[in-house]
Each structure stands twice: as C-alpha cells, then as structure tokens.
2 protein chains.
Amino acid sequence: MGVGAGGDAGPGRGPGASPGVGAVARVGAGAGAGAGAGANLLALRSHNTALVLDLLRGAGAGGISRLELAERTGLTPQAVSKITARLRAQGLAAEAGRRASTGGKPRTVLRLVPEAGHAVGVHVDRDEVRAVLADLNGTVVGERRGPLHAGGPGAGAEVVVEEVARQVEGLAPPVAESLLGVGVALPGPLDHRSGVLHRVTGFPQWEGFGLRDALARRLGVPVVVDKDTNAAALGLAVARGDDGGGAGSFAYLHVGTGLGAGLVIGGGVHRGARTGAGEFGHQVIQLDGPPCECGDRGCVEALCLAAVARGETEEAARVLGAGAANLVGLLDIELVLLGGRTVAAAPDAFVAGVSAVLAARARREGLPGGAVPVRLAPGGERSVAEGAAQLLLAPVFGRGGG
Amino acid sequence: MGVGAGGDAGPGRGPGASPGVGAVARVGAGAGAGAGAGANLLALRSHNTALVLDLLRGAGAGGISRLELAERTGLTPQAVSKITARLRAQGLAAEAGRRASTGGKPRTVLRLVPEAGHAVGVHVDRDEVRAVLADLNGTVVGERRGPLHAGGPGAGAEVVVEEVARQVEGLAPPVAESLLGVGVALPGPLDHRSGVLHRVTGFPQWEGFGLRDALARRLGVPVVVDKDTNAAALGLAVARGDDGGGAGSFAYLHVGTGLGAGLVIGGGVHRGARTGAGEFGHQVIQLDGPPCECGDRGCVEALCLAAVARGETEEAARVLGAGAANLVGLLDIELVLLGGRTVAAAPDAFVAGVSAVLAARARREGLPGGAVPVRLAPGGERSVAEGAAQLLLAPVFGRGGG
DNA sequence: GCACTTCGGCAACAGCGTTGCGAAAGTAGG
DNA sequence: CCTACTTTCGCAACGCTGTTGCCGAAGTGC
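Just so you know, these numbers come straight off a predicted model, no measurement behind them. Along every chain, residues carry numbers that run from 1 in the direction the sequence is written. Chain A is the first chain written and ligand 1 is the first ligand written, with later ones labelled in order. With the structure being a predicted model, the display of local features is reserved for residues of pLDDT at least 70 and the display and counting of side-chain atom pairs for 80 or more, all residues being used for whole-chain, interface and lining totals. Just so you know, side-chain values use all the structure's heavy atoms and leave hydrogens and water out.

Participant: Give a description of the relation of the copies chain A and chain B that names residues and reports values.
Facilitator: When the copies are overlaid, the least-squares fit takes in C-alpha atoms only where the residue has pLDDT of at least 70 in both copies. In screw terms, the move from chain A to chain B is a rotation of 180° and a rise of 0.0 Å along the axis, fitting with an RMSD of 0.1 Å. In short, the pair behaves as if placed about a two-fold rotation axis. Note on contacts: a residue pair qualifies if any of its non-hydrogen atoms lie within 4.5 Å across the two residues. Looking at chain A, 100% of its interface residues are interface residues in chain B too, so the copies touch through the same face.

Participant: With reference to specific residues and values, describe the protein's contact with DNA strand D.
Facilitator: Not every one of the 29 residues close to DNA strand D is listed here, only the nearest: Gln78, Ser81, Arg107 and Thr108 of chain A together with Thr76 of chain B. Whenever two N or O atoms come within 3.5 Å, that pair is a polar contact, provided that in protein one can donate a hydrogen and the other can accept it, and provided that, for residues adjacent in sequence, both atoms are side-chain atoms. Ser81 of chain A has a polar side-chain atom sitting 2.6 Å from a phosphate oxygen of DNA strand D. Take Arg98 of chain B: an N or O atom from its side chain is 3.0 Å from a phosphate oxygen of DNA strand D. Segments assigned H or I by DSSP are reported as helices when at least four residues long, segments assigned E as strands when at least two residues long, and all are numbered from the N terminus. Put simply, the parts of the chain that give the surface near DNA strand D at least two residues each are helix 3 (66–73) and helix 4 (77–90) of chain A together with helix 2 (41–59) and helix 4 (77–90) of chain B. The element that contributes the greatest number of residues to the surface near DNA strand D is helix 4 of chain B, accounting for five residues. We call Asp, Glu, Lys and Arg charged. Ala, Val, Leu, Ile, Met, Phe, Trp, Tyr, Cys and Pro are nonpolar, and the rest, Gly among them, are polar. Of the residues contributing to the surface near DNA strand D, the split by class is seven nonpolar, 13 polar and nine charged. Here, proximity means that at least one heavy atom of the residue falls within 4 Å of the molecule or strand.

Participant: Residue-level account of the protein's contact with DNA strand C, with values.
Facilitator: Near DNA strand C there are 27 residues, and of these Arg45 and Thr76 of chain A together with Gln78, Arg107 and Thr108 of chain B occur at the shortest range. If you look at DNA strand C and keep only atoms within 4 Å of the protein, 63% of those are sugar or phosphate atoms. Within the backbone of Lys105 of chain B, one N or O atom sits 3.0 Å away from a base oxygen of DNA strand C. Thr108 of chain B places a main-chain nitrogen or oxygen 2.5 Å from a phosphate oxygen of DNA strand C. Of all the secondary structure elements, the ones that give two or more residues to the surface near DNA strand C are helix 2 (41–59) and helix 4 of chain A together with helix 3 (66–73) and helix 4 of chain B. Looking at the surface near DNA strand C, the element that brings in the most residues is helix 4 of chain A, giving four residues. In the surface near DNA strand C, the residues fall into six nonpolar, 13 polar and eight charged.

Participant: Explain the pairing of strand 7 (residues 179–186) of chain B residue by residue, including any values.
Facilitator: Residue and element names in this part refer to chain B. The buried label goes to any residue with under 20% of its type's maximum accessible area, the exposed label to any with over 50%, and the partly exposed label to all in between, with areas taken from a 1.4 Å probe on protein chains only. In terms of residue burial, strand 7 counts as a mostly covered element, since eight of its eight residues are buried. Pairing between two strands requires that DSSP report at least two bridges joining them. In this sheet, strand 7 lies alongside strand 4 (residues 118–124) in parallel orientation, the contact comprising five bridges. Its bridge partner lying in strand 7, Gly121 is registered against Gly183. As judged from the five bridges shared by strand 7 and strand 10 (residues 223–227), these two strands associate in the parallel manner.

Participant: Just give me the short version of the interface of chain A and chain B, but keep the residues and values in it.
Facilitator: Of the residues lining the interface, 67 residues belong to chain A; the matching set on chain B comes to 67 residues. The term buried area denotes the loss of accessible surface (1.4 Å probe radius) that occurs when two parts are joined, taken as the sum for both partners. Of all residues in chain A, Arg274, Leu287 and Leu330 of chain A give up the largest surface area on contact with chain B, accounting jointly for 15% of the area buried on that side. A side-chain nitrogen of Lys or Arg and a carboxyl oxygen of Asp or Glu constitute a salt bridge if their distance falls within 4 Å. Put simply, chain A and chain B have six salt bridges between them. Here Arg364 of chain A ties to Asp296 of chain B by a salt bridge, and the two come within 2.9 Å at their closest N and O atoms. For the interface between chain A and chain B, the tally reads 33 residue pairs in polar contact (both at pLDDT 80 or more). Where the side of chain A that touches chain B is concerned, the elements lending two or more residues are helix 2, helix 3, strand 12 (259–265), helix 9 (313–331) and helix 11 (347–365) of chain A. Of the residues forming the side of chain A that touches chain B, the biggest block, eight residues, is contributed by helix 9 of chain A.

Participant: Could you give an account of the packing of helix 2 of chain B against helix 4 of chain B, naming the residues involved and the relevant values?
Facilitator: Residues and elements named next belong to chain B. In this analysis an axis means a line fitted to C-alpha atoms, helices contributing only their contacting stretch, and an angle means the value between N-to-C directions, from 0 to 180 degrees. Running from N to C, helix 2 and helix 4 point in directions that differ by 75°, and their axes come no closer than 10 Å. Looking at the two axes, helix 2 sits roughly perpendicular to helix 4. Between helix 2 and helix 4, the residues in contact are Arg45, Asn48, Thr49, Val52, Leu53 and Leu56 and Ile83, Thr84, Arg86 and Leu87, respectively. By residue class, the composition of the contact of helix 2 with helix 4 is five nonpolar, three polar and two charged. Any angle that is under 35 degrees is reported as roughly parallel, and any over 145 degrees as roughly antiparallel; angles of 65 to 115 degrees are reported as roughly perpendicular and all others as oblique.

Participant: Any details on the pattern of salt bridges? Residues and values, ideally.
Facilitator: Residues and elements named next belong to chain A. Inspection of the entire model under this criterion finds 46 salt bridges over all chains. One salt bridge connects Glu143 with Arg382, and the closest N-O pair in it is separated by 3.1 Å. One end of the pair, Glu143, is in strand 6 (residues 140–147); the other, Arg382, is in the loop between strand 15 (374–376) and helix 12 (383–393), and 239 residues separate them in sequence. For Glu143, a relative accessible area of 33% corresponds to the partly exposed category. Residue classification places Arg382 among the partly exposed residues on the basis of a relative accessible area of 31%.

Participant: Tell me about the packing of aromatic side chains, residues and numbers included.
Facilitator: Paired rings are identified among Phe, Tyr and Trp, the last through its six-membered ring, by centres lying within 6.5 Å, and are further divided according to the angle between planes into stacked (under 30 degrees), edge-to-face (over 60) and tilted (the rest). Tallying each qualifying case throughout the model produces zero aromatic pairs over all chains. Both a distance and an angle decide whether a charge sits over a ring: NZ of Lys or CZ of Arg must be within 6 Å of the ring centre and within 35 degrees of the ring normal. A cation over a ring is seen here: Arg57 of chain A above Phe397 of chain A, with NZ or CZ 3.9 Å from the ring centre.

Participant: An account of unusual backbone geometry is requested, with residue identities and associated values reported.
Facilitator: Phi is positive for Thr275 of chain A, which is not a glycine, with a value near 55°. The exposure class of Thr275 of chain A is buried, given its relative accessible area of 4%.

Participant: How would you sum up the nonpolar core? Please name residues and give values.
Facilitator: For our purposes a nonpolar core is just a set of buried Ala, Val, Leu, Ile, Met, Phe, Trp, Tyr and Cys residues, chained together by side-chain atoms within 4.5 Å. Counting residues in hydrophobic clusters, the biggest one holds 70 residues, and the most contacted among them are Leu253, Leu320 and Leu338 of chain A together with Leu253, Leu320 and Leu338 of chain B. Among all residues touching Leu253 of chain B, those that are not within four sequence positions of it are Gly260, Ala261, Phe280, Leu320, Ala324, Leu327, Val336, Leu337, Leu338 and Gly339 of chain B. Among the nonpolar cores identified, the runner-up in size contains 46 residues, and Ala93, Phe250, Leu337 and Val396 of chain A belong to it.

Participant: Tell me about the environment of Ala50 of chain A, and please be specific about residues and values.
Facilitator: Inspection of the secondary structure puts Ala50 of chain A in helix 2. For Ala50 of chain A and Phe397 of chain A, which are 347 residues apart along the polypeptide, the C-alpha to C-alpha distance reads 4.5 Å.

Participant: Hey, could you go over helix 11 (residues 347–365) of chain B for me, with residue numbers and the actual values?
Facilitator: All names here are of chain B. A rise of 1.5 Å per residue sets the reference length of helix 11, with its 19 residues, at 27 Å; its end C-alpha atoms lie 27 Å apart and thus fit the reference within 8%. Among the residues of helix 11, Phe350, Val351, Gly353, Val354, Leu358, Arg361, Ala362 and Glu365 are the ones counted as buried. Turning to helix 11, the residues buried within the fold contact helix 8 (300–309), helix 9 (313–331), strand 14 (335–339), helix 10 (341–345) and strand 15 (374–376). A helix is expected to reach a length of 1.5 Å times the quantity of its residues less one.

Structure, rendered in structure tokens:
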C-alpha cells in the first residue's frame with residue numbers, strides 16, 4: 001500500500017515500506033545517458049509499468065480499460081492484466097466502473113489513484129518562494145508562498161535552503177510515505193545533474209553552491225533542481241499529454257525580465273551535455289548589433305527587450321520570431337509556446353508576430369505540413385512550481401528526460 | 001551462419017536464412033518514437049545483443065573479454081556469456097586469443113566478425129554517384145563511382161534510380177545473404193521516414209519522388225535515404241566510438257557549395273519531428289541583412305559564403321562561429337566538427353575562427369569545463385558514402401538515431 | 001607439485017511476457 | 001425465463017530472459 005520513495009535519485013529515508021513508486025522510477029531501459037544501459041528483467045518491468053502508469057494518467061478521471069492499454073502499449077492483454085494487478089495491489093491503480101457493452105462483457109475501467117504519491121514543487125523567484133504539493137496527477141493539493149530575503153550581500157545560500165525547507169515542511173511532513181521528493185526550479189544557469197548552482201541571475205553569492213545536496217540533507221527526501229524554464233516546459237509537456245507516450249517536441253519561450261527557453265524533445269526535457277541547453281536569449285541574431293548584458297552583441301534578449309522598452313511590441317515579436325525560426329529550423333520541433341510576463345502583457349501581438357515569421361519561413365521552404373504553430377502557454381503564475389513538482393513525478397511515468 | 005536481412009525496415013527478400021542481424025536491428029526498447037513502445041522479452045534480448053555488438057565493434061581488432069563486456073553493460077558475466085555464445089553461433093562474433101593472466105585463468109578475447117554483414121552506402125552528388133560496400137566494422141571493402149546525368153530537364157528521377165542500382169549491383173549481388181541493405185545520402189530536404197524527396201538542391205524535378213520505395217523495389221533489399229550531412233554526421237559518430245554507448249553529442253558543420261549541419265545527440269542523429277532538423281545554413285544571424293537565395297535575409301549561409309567569395313576567410317569563420325555558438329547555446333553539445341570543400345581550402349583559419357567565437361562565449365559564461373572544442377572532421381571525400389552505409393549498419397548496434 | 005586465483009560453462013531458478021483455455025458478465029433472440 | 005453468442009479477463013502452463021550456485025579449466029606463484 002505504501003509508496004516508499006526508494007533510494008535512487010538522492011539520499012534515501014531509511015528502510016521504506018513495500019516497493020512502490022520509487023522502484024518504478026528507475027529505469028528507462030532505453031537509449032538514455034549513463035554508462036551501461038544493459039537492461040535486465042527488472043528494467044523491463046519498470047519500463048512497461050511506467051508506460052501503463054503514463055497511459056493511466058493520460059486517461060484522467062475517465063479512466064482506460066485493460067484492452068485499450070494493451071492496444072496502446074503493444075503488449076498482450078494478459079501482460080497488461082498482470083501489470084495492472086500489481087499496480088492495484090500497490091494502491092497505485094483502482095477499478096472505476098465499466099464501459100458500455102458492445103455485445104459482450106463490458107470493459108472494466110481503470111484509473112490512477114492520485115493520492116498514492118505526492119511531490120513538492122518549489123519555485124524560487126527573485127523575491128519570493130512559492131511551493132506547491134502535487135499528487136500523481138499533477139493536481140495541486142496544497143500551496144504556500146513566502147518572501148525571499150536573500151538579496152543582501154552576506155546573506156548566503158543557507159538562507160534560501162532554510163526558507164525553502166520551511167515552505168516544504170509547511171506543506172507536507174517529510175515522513176509522509178507518499179512523498180517522492182522535492183523539485184526546485186530557479187532562474188539562471190545551474191548543473192542539473194550535480195545540483196550545483198552557477199551564477200544564478202540576481203544572486204551572485206550562490207555561485208558554486210550545492211543546493212540539491214544541502215536541501216536533501218536538510219529535508220531528508222530526494223531533491224532535484226532545474227532551471228525555471230525547464231520546469232515550466234516539463235509541466236507543459238505533461239499537461240499536453242502527447243499521445244500518451246508520444247514523441248512530442250516543442251519549445252517554450254519565456255519572456256520576462258530575461259529571455260529563456262525550455263526544449264522538449266521526444267516527450268522529455270532536453271538538457272544537453274552539461275545540462276545547460278536552452279540558452280535561447282543570448283542567441284545572436286544581429287551580428288555586431290547593440291551590446292547585451294552578457295557581453296556579446298545582438299542577442300535576441302537585448303533586441304527583444306529593448307523593443308519592448310521602446311513600446312514597439314511588433315518589433316519585439318518579430319525579433320522573437322526570428323530566434324524561434326532559427327530554433328525550429330535547427331531542431332525541427334512541432335510547436336512553439338510563449339509565456340512570461342512580457343508576453344502576457346500583449347499576448348495576441350506576440351503570438352501573431354512570431355507566427356508571421358514562422359509562416360513566412362514555411363512558405364519559403366514549401367514543406368508539407370505547413371507552418372509550425374505558435375500558441376500561448378497555458379497555466380498561470382503557479383506553472384513553474386507545478387513543473388518543478390513534475391521533476392519528481394515524471395520519472396514515475398517514464399518521462400526521464402534527456 | 002547466414003545473416004538474413006529480415007524484413008523490418010523495408011520490403012523483405014523472401015524467407016531468409018537463420019535469424020541474424022536483421023532480428024537484432026529492430027528494437028531499442030527505449031524512448032524512441034513510434035506508438036506503443038511496450039517492451040517484451042524479444043525487445044530486451046535485441047537491446048542487450050545490440051549493446052554487446054556495439055562494444056565488440058568499438059573494441060576493434062584488439063577485442064574485448066566477456067568480463068569487460070559485463071562491466072561495461074552492467075549485465076552479469078553469465079548473461080554476457082549467453083549472449084556471446086549466441087553471437088558466435090550466428091557467426092557474428094569469434095574468439096581471438098587471450099589476455100595476459102593476472103594470476104588466474106586468462107580472459108578470452110572476443111571480436112566482431114566484420115564479414116558477417118555488409119551494407120552499401122551511396123552518395124548521390126550533383127554530378128556523381130559514389131557507392132561503397134562496407135562490412136560490419138564500417139570498413140570499405142569495395143567502391144565504385146559513376147557520373148550522374150540527371151541535370152537536364154526531362155531526365156526524371158528514374159534515371160537516378162537506375163544509375164544507383166547499377167552501382168550497387170556492381171558492388172554486391174543483392175542476393176548476398178550478408179547484405180543488410182542500401183543507404184542513400186543526397187543533398188537537400190527530404191523525408192527520412194517516408195523516403196520521399198523534397199526539392200533536392202539542384203534537382204527540382206525530384207520533388208515528391210519516393211526514392212526509397214522505388215529503389216527498394218528495383219533492388220529487392222531494404223533502402224534508407226537521408227540528407228548527406230546526416231549521413232556524414234552518423235559516420236563521424238560511429239568513428240568516434242563514444243564510450244561504446246555514450247551520450248556523445250556534436251554538430252557537424254559542412255561548408256561546401258551550401259552550408260548544412262548534422263546533429264548527433266545521445267549517440268544518434270537527431271532528425272526532428274519531420275526529419276528536417278539540422279537546417280543550419282538558413283539560421284538568421286543578421287536581421288534584415290543581405291538577401292539569401294532562400295528568400296530570407298541575413299542567413300549564415302549567405303553571409304559566410306559571401307565572405308568566402310570576397311576572400312575574407314577570417315570573416316567567414318567568424319560568421320560560421322556565431323552560428324555555431326548559437327547552436328551550442330541552444331543544445332549544449334560537446335563538440336563542433338567542420339568539414340566540406342570550403343573548409344578544406346583553409347582548415348586552420350576556419351577552426352581557429354570558430355574556436356575563437358566559442359572561446360569568447362565560454363569566457364563570458366564562466367561555466368566549468370571550458371569552451372566547446374572545434375575540430376576538423378576526419379575522413380575524406382568518401383565519408384558521406386561511408387556514413388550512408390552506416391544508415392543500415394548503425395541499427396544493428398543499437399544506434400537507431402532520433 | 002601444490003595452493004591459489006581467475007575465467008567461463010552447466011544446471012537450477014525466479015520472473016518476464018505469451019499462449020491456451022475457461023469462468024464471468026453482458027447482449028440478442030426465442 | 002432460457003439459450004446462444006460475444007467479449008472481457010484471470011488461471012495455468014510455457015518459453016525465454018537474466019541470475020545464482022557450483023564446478024571444471026587454465027593460468028600464476030611458491
């Protein structure tokens with residue numbers, strides 16, 4: 001029944017209960033990174049179990065029958081029955097009514113039991129810490145906010161650890177069996193794999209701080225850190241659903257006080273060799289153009305934000321569109337999503353402006369399928385925190401990410 | 001003993017001999033595209049077998065012992081013994097001497113039997129067709145060249161099919177049991193999945209032609225088509241070896257009569273949603289700059305080639321570097337490789353110029369690890385054809401690509 | 001010649017998905 | 001109400017996977 005968080009992705013919490021979600025989160029058995037990648041039977045089971053869980057989640061409250069699961073996964077109905085029986089025994093799935101009959105025994109509908117697992121997502125912003133408690137569905141079942149006073153010199157990163165820990169403990173007792181861990185999203189470059197911060201924008205004193213391990217020690221649960229744009233992109237990827245296990249790819253472009261991006265390729269966040277991918281803002285689109293804060297010239301961020309400051313929203317959108325077109329051409333993604341405060345101030349203008357650039361590009365190329373669509377990213381101010389929670393939830397459903 | 005080519009990736013060739021390489025090439029069991037992605041025992045075996053084959057290939061003539069294979073894959077020695085026994089029975093692997101003893105029984109060294117499988121790689125260029133016959137190691141064991149007279153209007157794509165078929169048949173009888181198939185690399189946009197050409201540069205009359213299926217029908221063996229830059233990048237990825245199963249990522253930038261790129265992420269070629277990724281040349285780095293042939297303005301290709309035409313190699317390299325820096329920032333890749341005739345004309349200048357831009361970027365970022373290295377792509381004029389052969393060989397070793 | 005170390009295959013095993021088959025639970029028709 | 005049919009789904013046996021326990025094979029070192 002219990003959902004022990006295992007000891008995979010961070011410091012464990014002592015001997016957990018029966019093998020639960022944690023054991024599932026491991027594998028992938030796929031072409032991921034890592035050394036060996038040899039797959040054994042446990043890996044096989046974990047992979048298929050995660051696949052089934054992902055479909056159950058995608059089905060939502062409506063549920064999904066065993067035979068549908070079999071069709072979608074390519075597994076035999078009997079294999080699905082075994083897997084779902086295990087999930088029901090673990091409390092992760094449950095029967096939920098039955099479909100209308102088509103002339104025979106009606107299909108039994110299965111659904112995910114969202115309460116079987118939880119994760120905390122924390123959004124550390126410039127002046128605020130926002131934490132949400134999400135269940136397996138990603139539904140927010142608790143929220144807390146608090147100011148962040150770490151701006152002053154001398155106020156080290158420990159202050160942030162303490163503030164984040166306070167918010168987390170206020171949301172969920174760390175001994176709760178269903179707590180998978182805590183995901184923390186914050187701006188600026190950092191190393192996702194090691195959990196070490198690098199020159200986070202606005203907080204120079206955090207350079208080199210090992211936030212993940214410090215917070216994991218403090219809270220006693222697994223912790224994952226990532227860039228805010230990656231968290232937002234992950235949240236959007238989950239929200240989209242993507243065929244259940246699809247190869248969905250899109251770029252989330254965030255225009256706020258800065259300009260960043262989160263890339264989703266094959267259903268998972270693409271982080272790159274040093275987990276620094278997605279640096280969209282300092283893409284040069286105007287050789288020898290106006291200087292940017294980063295020291296280079298003609299960056300998208302500098303051009304776009306300058307246009308915004310001048311009140312020329314159309315020009316800002318055109319610049320953003322040029323950067324997006326470069327990105328689309330290089331990666332051949334399917335969708336561009338726009339978000340952030342600046343976009344929210346004039347959503348239609350930005351969507352139209354970026355769309356126009358991509359449409360012109362598609363016309364020139366003449367490729368079948370038409371232009372890559374541009375849409376406003378759904379979700380409100382809480383979406384980064386929700387995405388941060390998905391940093392822990394997604395692996396349960398086989399969305400390890402790159 | 002025989003290595004039937006199975007019937008996976010294209011029209012089969014009738015009932016093959018014993019299950020061989022073809023059966024291995026299928027799976028991945030991973031996070032690839034496709035619908036189901038449910039993994040069964042066959043998928044598991046194929047995955048692990050491909051992994052072992054990849055390590056055997058990477059070990060080269062020196063070979064590798066069973067225990068080393070076990071360490072590298074994470075499998076138990078006994079599992080490796082079973083897998084290698086199967087491979088030896090199929091003729092894909094063989095014992096090759098033994099290591100020096102370390103106080104006990106010396107390890108038996110295993111090696112790949114390259115002659116157990118072959119693939120033909122064809123490079124269709126503007127005025128020439130070049131075909132190579134490669135064994136499992138990728139070693140070229142046969143080569144043919146012939147002129148291509150398809151430029152004239154009216155000369156349809158069938159002429160090319162016939163010319164390619166003639167070269168292939170001259171190299172390898174299509175009934176040879178060890179022939180896995182034919183890979184064809186050609187310039188310009190095309191759909192890798194369906195094998196349909198789109199406006200191949202220089203051959204407008206090929207628009208919409210289903211080259212893959214036409215050639216497969218003509219030859220009776222599986223055919224795969226891809227962009228020339230992707231083929232070259234795949235060849236480079238294989239040549240690098242990459243830890244055996246590593247997450248190697250790099251960009252191959254080709255500067256010839258045009259400017260293209262092949263992206264390797266996670267050891268496989270990244271092709272994107274519509275298999276059109278890697279369009280590096282028409283990345284805009286000079287908003288409202290000089291017009292490009294593509295109809296846009298300020299593309300890298302236009303700027304770079306114009307600088308080359310003016311004799312300003314340094315400026316050309318700087319422009320290329322700016323594009324490469326954008327790419328590195330977006331994807332966080334580990335390496336940039338340069339190739340093509342234009343680069344070959346002044347290799348040091350290009351490598352130095354691109355390096356300088358990336359070094360400056362790394363200095364600004366201040367990230368650990370230093371700048372992304374820039375190197376000249378190894379291999380000569382034959383490398384695209386060799387890479388095209390890898391389109392068939394790579395899947396045998398689990399390098400499906402994205 | 002003996003003790004020791006290390007490699008690698010044989011045999012038994014647990015666990016995976018698969019297949020064959022039958023019980024359960026509906027609809028359709030008398 | 002009863003029967004015939006369809007469809008779902010679980011039990012049991014099966015083949016195959018990697019794993020474990022064990023032992024012979026083949027070296028080194030004393």
